[in-house]
Amino acid sequence: PRTAHVIDQARAAGYGKPGCYRPSGPGEHPKGRACDWMMTSDGAATGEQKARGDQFATWAVANADRLGIMYVIWYRQIWTPSQGWHAYTNPWGGDDPSGWHTNHVHISVY
């Protein structure tokens, strides 16, 4: 229900429909507690796409408490309530935009 609420609120704020559930892999996606909002389908976001991702990540952080957001990942940075924004380490290595979250904003909920 919290994931659905975040999706509804993000859509109401104009951020569209995300990709969410994955049946396997690490993290919150297989648990139904994470979604990715794509800013581009081709490489890392730049220009207007990057600015839109920045705006959405800022919106998510500003609404984190009321939406039950556990963390936000965007553009090689991760935000947590206890640490704020700090460097994100890609657990898969390489320079893949998905792994570094440079093509999408990731939101995980409690």
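Residues numbered from 1 in each chain as written. Predicted model: local features only at pLDDT ≥ 70, side-chain atom pairs only at ≥ 80, totals over all residues. Heavy atoms only, no water.

S.K.: Is there a simple way to explain the pairing of strand β5 (residues 104–109) in this structure?
M.R.: When a strand is regular, its side chains alternate between the sheet's two faces. Burial of β5 is extensive: six of the six residues sit out of reach of the surface. Neither face of β5 is exposed, since H104, H106 and S108 on one face and V105, I107 and V109 on the opposite face are all buried. The pairing of strand β1 (residues 34–38) with β5 spans five bridges and is classified as antiparallel. When the bridges of β5 are listed, C35 appears paired with I107. One ladder, built from four bridges, connects strand β2 (residues 69–74) with β5; its direction is antiparallel. Along β5, the bridge assignment pairs Y71 with S108. (Buried < 20%, exposed > 50% of the residue type's maximum accessible area, 1.4 Å probe, protein only. Helix = DSSP H or I, 4+ residues; strand = E, 2+ residues; numbered from the N terminus. Pairing = 2+ DSSP bridges.)

S.K.: Explanation requested: the nonpolar core in the structure shown.
M.R.: One recurring pattern in soluble globular proteins is that nonpolar side chains are buried together. One finds W37, F56, I69, V72, V105 and I107 to be the most contacted residues of the largest nonpolar core, which totals 21 residues. Elements represented by at least two residues in this core include exactly α1 (2–12), β1, α2 (47–62), α3 (64–67), β2 and β5. Here this core gets four residues from one element, more than from any other, and that element is α2. The next biggest cluster of nonpolar side chains, apart from the first, holds six residues, and it includes M70, Y71, I73 and I78. (Core = buried A, V, L, I, M, F, W, Y, C linked by side-chain atoms within 4.5 Å.)

S.K.: Please explain the sheet that holds β2 as it appears in this structure.
M.R.: Remark on secondary structure: sheet strands pair via backbone hydrogen bonds, oriented parallel or antiparallel. Across the sheet, five strands lie side by side as β1-β5-β2-β3-β4; this open sheet has antiparallel pairing. For this open sheet the edge positions go to β1 and β4 (84–87), each flanked by a neighbour on one side alone. Neighbouring strand axes in the sheet, compared pairwise and without regard to direction, differ in orientation by 20° on average. Sheet topology note: the strand β3 (residues 77–80)/β4 ladder contains four bridges and is antiparallel. Each bridged residue has a counterpart across the sheet, and for T80 the counterpart in β4 is G84. Sheet strands touched by α1: β1, β2 and β5. Its angle to β1, the strand with the most contacts, is close to 20°. Contacts from α2 reach β1, β2, β3, β4 and β5, with the element oriented near 165° to β2. (Axes fitted to C-alpha atoms, helices over the stretch in contact; angles between N-to-C directions. Contact = heavy atoms within 4.5 Å.)

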